[in-house]
Amino acid sequence: MTVVAVAARSTGTQPRLHIDLDAVAANTRLFAGRAGGEVMAVVKADGFGHGAAAVARTALAHGATRLGVTSLAEAFALRADGLDAPVLSWLNPVDADWQAAQLANIDVAVPSLDHLRAVAEAGPGSRVHLHLDVDMARDGAAPGDWPALCAAATRFERGGRIRVAGIMGHLGRADDPKHAANAAARARFGWALEVARAAGLCPADRHLSATAATLTDPRTHHTMCRIGAGLVGIDPSRTTALRPALTLTAPVITIRAAQPGTAVGYGHTWVADRPTTLALLPLGYADGLPLMASGRGDVLLAGRRCPLVGRISMDMTVVDVGELPVAAGDLATVFGPGDAGEPTVRDWASWADTIEHEIVTGLGSRLHHTTTGTPLRNQP
Ligand SMILES: *Cc1c(COP(=O)(O)O)cnc(C)c1O
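Residues numbered from 1 in each chain as written. Predicted model: local features only at pLDDT ≥ 70, side-chain atom pairs only at ≥ 80, totals over all residues. Heavy atoms only, no water.

The next thing to look at is the site of the ligand. Every residue close to the ligand is listed here: Lys44, Phe48, Trp90, Met168, His170, Ala210, Thr211, Arg226, Ile227, Gly228 and Ala229. Interatomic distance of 3.4 Å between a side-chain N/O atom of His170 and a nitrogen atom of the ligand. The separation between an oxygen atom of the ligand and a polar main-chain atom of Gly228 is 2.8 Å. Relative to its free-state accessible area of 390 Å², the ligand is covered by the protein chains to the extent of 89%. Across the shell around the ligand, the residue classes tally to six nonpolar, three polar and two charged. (Near = heavy atom within 4 Å. Polar contact = N/O pair within 3.5 Å; in protein donor to acceptor, adjacent residues only side chain to side chain. Areas by Shrake-Rupley, 256 points an atom, 1.4 Å probe, with all protein chains shown as cover. Nonpolar A, V, L, I, M, F, W, Y, C, P; charged D, E, K, R; others polar.)

As structure tokens, this is what we get:
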């Protein structure tokens, strides 16, 4: 059942970002069915631009049991929004407010001995996940530091300062499941679990996979899968049909006839070579349309794909509508799930030589948001 949850203002008059929580619900159910253990809904970066609290509530109602974010600020925001599910925050400076995290009942990941000591000082009883860098030289402890991190964690746990609730890693090449790096990373994670066990730790949560590995390799699932992109319909492994959750529309502001020789936009990068009609849309790179898509992308208008012409500006974009019967006030679909032939976020990503994640997390805050779908399973 679909419920219009937020549609307060008239929405035909401005660019509108529509979030379909039924899509998030369906995607979550798919992952809950695939995961061997629990599903953690990763709602960092405002739920990948879809609204952290709404995505979190929806995911929790459809099979996710935990929430994951990067910073403590994001975790506190979830608590302030009334979400009381278990939350893990994994990316914080060593002098973060660990005490506040503990008071808010937030699990924290530690990537270093310094982090572990700081959390233990703020204890007692802080719940930590030891984070191993399996293959990206990025977040998490280097394998060479792992035995010492486990040994220290055991001491702090026995002293009552912390509880080691979990061990985590994150794969660098999961979007290419056949690559040999995946086997090496899986083995490194297995080794890390052994080292932890030998040090006297027995964490209940052991988690390595995100969206791509969850869909392609059950050997990475362990006790929990951390799913972010997949919840909002992005599959980096390109193996599974997920449902995109965003639709971006904009009304035509004005229509103008253009003669051959008419130059469009900054730099006059496009010049009409025939008589045509141009439509102006009131959104641009400040709203998240990548400048790189200038002259490459299109939108759906009057049922047809119409090319973007000239350079995308900060606040506006020009579309060549040719002979189509388009009038001011008509609605263009910039992207959506593709059901009506409109471009998708994946199309925009390819026009901009980027990934879907960057498009959805880069949408501007001035877009008017509307939502359909209820976050709760049995709500009318
Ligand atoms: C972002 C992130 C995830 C989620 O990854 P997706 O591919 O978006 O599912 C999981 N774990 C960590 C550590 C992350 O940073």
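What follows picks up the thread again.
At a minimum axis separation of 9 Å, helix H7 (residues 146-158) and helix H8 (residues 180-198) run at an interaxial angle of 35°. Classified by chirality, the crossing of H8 by H7 is right-handed. Each of Trp146, Pro147 and Cys150 in H7 lies in contact with H8, whose residues at this interface are Trp191, Ala192, Val195 and Ala196. (Axes fitted to C-alpha atoms, helices over the stretch in contact; angles between N-to-C directions. Helix = DSSP H or I, 4+ residues; strand = E, 2+ residues; numbered from the N terminus. Left-handed = near helix turned anticlockwise from the far one by under 90°. Contact = heavy atoms within 4.5 Å.)

A word on the pattern of salt bridges. Counted according to the given criterion, the structure contains 16 salt bridges. When the shortest N-O distance is used, the salt bridge between Arg274 and Asp273 registers 3.3 Å. Residues joined in a network through salt bridges with shared partners are Glu38, Arg66 and Asp205. (Salt bridge = Lys/Arg side-chain N within 4 Å of Asp/Glu carboxyl O.)

Counting residues in each nonpolar core, the largest one holds 107 residues, and the members touching the most others are Leu78, Leu130, Trp146, Phe335 and Trp348. Ranked by residues supplied to this core, first place goes to H8 with six residues. When residues of this core are sorted by domain, at least three fall in each of domain 1 (2-17 + 245-372) and domain 2 (35-232). Discounting residues that sit within four places of it in the chain, Leu78 has contacts with Val43, Ala52, Ala53, Ala56, Leu67, Val69, Leu83 and Val87. The next biggest cluster of nonpolar side chains, apart from the first, holds five residues, and it includes Ala258, Val264, Leu278 and Val318. (Core = buried A, V, L, I, M, F, W, Y, C linked by side-chain atoms within 4.5 Å. Buried < 20%, exposed > 50% of the residue type's maximum accessible area, 1.4 Å probe, protein only. Domains from an automatic or database assignment.)

A separate point is the packing of aromatic side chains. Evaluation of the coordinates by the stated rule reveals one aromatic pair. Note on Trp348 and Trp351: the rings are 5.2 Å apart at their centroids and 75° apart in plane angle, and the pair reads as edge-to-face. With a gap of three residues between them, Trp348 and Trp351 both fall in helix H10 (residues 345-351), about one helical turn apart. Grouping residues by exposure puts Trp348 and Trp351 together as buried. (Phe/Tyr/Trp six-rings, centres within 6.5 Å; stacked < 30°, edge-to-face > 60°.)

A few words on the confidence of the model for the chain. Taken over all residues, the pLDDT of the chain has a mean of 95, while the share at 70 or more is 96%. Least confident of the elements in the chain is strand E1 (residues 4-6), whose mean pLDDT is 40; most confident is strand E3 (residues 38-42), at 99. Segment residues 1-11: pLDDT under 50, and 21 contacts once partners within four positions in sequence are set aside and those in other chains are kept. (pLDDT = per-residue confidence, 0-100.)

A word on the pairing of strand E6 (residues 106-110). Consecutive side chains along a regular strand alternate between the two faces of the sheet. Counting buried positions along E6 gives five out of five residues, so the element sits mostly inside the fold. Pairing analysis gives three bridges linking strand E5 (residues 87-89) to E6, with the strands arranged parallel. Opposite Val87, over in E6, you have Ile106 as the bridge partner. Handedness of the crossover joining E5 and E6 through helix H5 (residues 98-103) is recorded here as right-handed. Two strands pair when backbone bridges link them, and E6 and strand E7 (residues 126-131) are joined in this way by three bridges, in the parallel orientation. Counterpart to Ala109 in the pairing with E7 is His129. Between the parallel elements E6 and E7, the chain passes through helix H6 (residues 113-122) in a crossover that is right-handed. (Pairing = 2+ DSSP bridges. Right-handed = clockwise from strand over helix to strand, strands pointing away.)

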